[in-house]
Amino acid sequence: MTTPLVEMDGDEMTRILWKMIKDELILPFVDLKTEYYDLGLPERDKTGDRVTVESAEATKKYGVAVKCATITPNAQRMEEYHLHQMWKSPNGTIRSILDGTVFRAPITIPSIRPCVRNWEKPITIARHAYGDVYKSVEIRVGEPGVAKLVFDGESGSHEEIVIHDFKGEGVIQGMHNTDKSIRSFAHSCFQFAVSTRQDLWFATKDTISKKYDARFREIFQEVYDNDYKADFERLGITYFYTLIDDAVARVIRSKGGFIWACKNYDGDVMSDMLSTAFGSLAMMTSVLVSPDGNYEYEAAHGTVTRHYYKYLKGEETSTNPMATIFAWTGALRKRGELDGLDDLVDFAGRLEQACLDTINSGIVTKDLVSLMEGVTPKAVSSLGFIQAIRERMQ
């Protein structure tokens, strides 16, 4: 390697897997160069979350990052980790700084068929990576009163509208987005569709949200008409907009093989649904792509807390590391492509194939045992699975 990756370490069981993957599958084969950031919850709390911002800025500097799963703390985590405050999602912070789009796709293999039997090809979720509920502000209403939405423009303009006349207690939430971010989201989706030659679907709920969601639809159509329509027609691929509830029904009836663009929360939820239907959340890849060409690779799943507590008790765990391995291979491949290192690109492909061959031979983690078809699966521990992959690499 000539240029370092930005390495973002994480929390709980995925942090344990992270070290296993590096020790067994990366360091024996690659002259690894990384700029390391510890995004584990204790370090984020210690630095006032500055380390998260620094890791995102480093990604803008070097262009490619690989990230371990991290905890977004709730009240229970506040107490468990003795935090100074309930820190925001590190993924949300990084997405906001990079202003990119998250593309999530399942790792598919012949021996694991999707629950939806008519799906013949992977479905890629394109998730907007800014705003909405992830940047919202909230008020807990403790008495009767009037809640208003107010905007004071720099020019002196003033707008306000009553949200609700509270007769008792309740809650208020305020969300926002920007034309700039929505436009970047649209460009990323259309560019990805053109580069992969896949149809692009986009869905919101503009029948209910006649200004907020409608703004997404308007910008997508404008960007398509002005910049990508000719390319889509030349490649024989299509773009269409529909309501989110109609899109869900269409996706279930489809054969797959397309990109489904969603707003931030929709993409969060639907990617979990798709990953489970394709087999396992641990088999879902994720890459954040910014409009200026920066890439951050990670697994789509969380920190696997239940397995971590078993690990702390000294019990053997069988946690699936596939998505985390593919985060590393995605980052190494992109680094190799950007730096002109053919051997590094080749290594990433060989490691991915070794993973798939290991599963297809029947050596799997426990989550995949009931999903296998045409193969007699043998469940092994997390480390046993990773070591089986290493044997194939060697």
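Please refer to the structure higher up on the page.
This one's a predicted model, so the numbers in the text were calculated from it and none came from an experiment.

**Student:** Teacher, can you tell me more about the packing of helix 6 (residues 179–196) against helix 7 (residues 212–235) here?
**Tutor:** Two quantities define a packed helix pair, namely the angle between the helix axes and the distance between the axes. Two elements in contact, helix 6 and helix 7, have axes whose closest approach is 9 Å; the angle formed by their N-to-C orientations is 25°. By the angle class used here, helix 6 and helix 7 are roughly parallel. Note on packing geometry: the crossing formed by helix 6 with helix 7 is right-handed. Contact residues: helix 6 offers Asp179, Ile182, Arg183, Phe185, Ala186, His187, Cys189, Phe190, Gln191, Ala193 and Val194, while helix 7 offers Arg215, Phe216, Ile219, Phe220, Glu222, Val223, Tyr224, Asp227, Tyr228, Asp231, Phe232 and Leu235. Taken together, the residues of the contact of helix 6 with helix 7 sort by class into 15 nonpolar, two polar and six charged.

**Student:** It is not clear to me how the layout of surface pockets should be interpreted in this structure. Could you clarify?
**Tutor:** Remark: the empty space left among the atoms is shown by a probe the size of a water molecule rolled over them. Space inside the largest pocket adds up to approximately 900 Å³. Taken together, 21 residues make up the lining of the largest pocket; nearest its centre are Leu149, Ile161, Met175, Lys211 and Tyr212. Broken down by secondary-structure element, the contributors of at least two residues to the lining of the largest pocket are strand 7 (145–152), strand 8 (158–166), strand 9 (170–174), helix 6 and helix 7. In terms of residue count, the dominant contributor to the lining of the largest pocket is strand 8 (five residues).

**Student:** Quick question: what am I supposed to make of the pairing of strand 11 (residues 239–243) here?
**Tutor:** Relative to strand 11, strand 10 (residues 199–204) runs parallel, the two being bridged by five bridges. Residue pairing for strand 11: tryptophan 201 is matched across the bridge by phenylalanine 240. For the handedness criterion, the β-α-β arrangement of strand 10, helix 7 and strand 11 is classed as right-handed.

**Student:** What's the story with the pattern of salt bridges in this structure? I'm lost.
**Tutor:** Two side chains of opposite charge can pair, provided their charged atoms sit close to one another. Applying the stated criterion across every chain, the model contains 29 salt bridges. A salt bridge links arginine 127 to aspartate 268, with the shortest nitrogen-to-oxygen separation between them at 3.7 Å. Here aspartate 268 lies in helix 9 (residues 264–278) and arginine 127 lies in strand 5 (residues 124–128), a separation of 141 residues in the sequence. Judged by relative accessible area, aspartate 268 falls into the partly exposed class, the value being 22%. Arginine 183 is paired through a salt bridge with glutamate 222; the nearest N and O atoms lie 2.7 Å apart. Within this pair, whereas arginine 183 is found in helix 6, its partner glutamate 222 is found in helix 7, the two being separated by 39 residues in sequence. Connected through shared salt-bridge partners, Asp9, Arg15 and Asp38 make up one network.

**Student:** I'm lost on the packing of helix 11 (residues 322–339) against helix 12 (residues 342–360) in this one. Help?
**Tutor:** Running from N to C, helix 11 and helix 12 point in directions that differ by 160°, and their axes come no closer than 7 Å. Considering the angle they form, helix 11 stands roughly antiparallel to helix 12. By crossing handedness, the relation of helix 11 to helix 12 is classed as left-handed. Contacts between helix 11 and helix 12 pair Met322, Ile325, Phe326, Thr329, Gly330, Leu332, Arg333, Arg335, Gly336 and Glu337 from the former with Leu344, Val345, Phe347, Ala348, Gly349, Leu351, Glu352, Cys355, Leu356 and Ile359 from the latter. When grouped by side-chain class, the residues that make up the contact of helix 11 with helix 12 number 12 nonpolar, four polar and four charged.

**Student:** Would you mind showing me how to read helix 6 here?
**Tutor:** For an α-helix, the turn length of 3.6 residues means that residues three or four places apart are oriented alike. In a regular helix each residue adds 1.5 Å, so 18 residues correspond to 26 Å; helix 6 covers 26 Å between its end C-alpha atoms and thus fits that length. Considered for burial, the residues of helix 6 that qualify are Ser181, Ile182, Ser184, Phe185, Ala186, Ser188, Cys189, Phe190, Ala193 and Val194. One or two positions beyond helix 6, positive phi appears at arginine 197, with a value near 55°.

**Student:** What am I meant to see in unusual backbone geometry here?
**Tutor:** A negative phi angle is the norm for most residues apart from glycine, just as the trans form is the norm for most peptide bonds. The phi dihedral of glutamate 12 falls on the positive side, at around 55°, and the residue is not glycine. One can find glutamate 12 in helix 1 (residues 12–26). At aspartate 49, a position not held by glycine, the phi torsion is positive, near 70°. Within the secondary structure, aspartate 49 sits in the loop between helix 2 (41–46) and helix 3 (50–62).

**Student:** When you look at the packing of aromatic side chains in this model, what are you seeing that I'm missing?
**Tutor:** Ring pairs (aromatic) are described by centroid distance and by the angle formed between their planes. Scanning the model with the defined rule gives 21 aromatic pairs in all. When the ring of phenylalanine 190 is compared with that of phenylalanine 232, the centres are 5.7 Å apart and the planes differ by 75°; the resulting orientation is edge-to-face. A residue pair is termed long-range when its members are at least 10 positions apart, and phenylalanine 190 in helix 6 and phenylalanine 232 in helix 7 qualify at 42 residues. Look at phenylalanine 232 and you get buried, because its relative accessible area is 0%. Ring geometry for phenylalanine 202 and phenylalanine 220: centres 3.9 Å apart, planes at 10°, overall stacked. Placement of the pair is phenylalanine 202 in strand 10 and phenylalanine 220 in helix 7, with a sequence separation of 18 residues. Here the two residues phenylalanine 202 and phenylalanine 220 agree in accessibility, since each one is buried. In this structure, arginine 127 is placed above the aromatic ring of tyrosine 134, and the distance from its NZ or CZ to the ring centre is 4.9 Å.

Rules used in this analysis
- Residues numbered from 1 in each chain as written.
- Predicted model: local features only at pLDDT ≥ 70, side-chain atom pairs only at ≥ 80, totals over all residues.
- Heavy atoms only, no water.
- Axes fitted to C-alpha atoms, helices over the stretch in contact; angles between N-to-C directions.
- Helix = DSSP H or I, 4+ residues; strand = E, 2+ residues; numbered from the N terminus.
- Parallel < 35°, antiparallel > 145°, perpendicular 65-115°, else oblique.
- Left-handed = near helix turned anticlockwise from the far one by under 90°.
- Contact = heavy atoms within 4.5 Å.
- Nonpolar A, V, L, I, M, F, W, Y, C, P; charged D, E, K, R; others polar.
- 1 Å grid on protein atoms, 1.4 Å probe; cavity = no way out; pocket = protein on both sides within 12 Å on 5 of 7 lines; lining within 4 Å.
- Points joined across faces, edges and corners; volume = space filled by probe spheres on them.
- Pairing = 2+ DSSP bridges.
- Right-handed = clockwise from strand over helix to strand, strands pointing away.
- Salt bridge = Lys/Arg side-chain N within 4 Å of Asp/Glu carboxyl O.
- Buried < 20%, exposed > 50% of the residue type's maximum accessible area, 1.4 Å probe, protein only.
- Expected span 1.5 Å × (residues − 1).
- Phe/Tyr/Trp six-rings, centres within 6.5 Å; stacked < 30°, edge-to-face > 60°.
- Lys NZ or Arg CZ within 6 Å of the ring centre and 35° of its normal.

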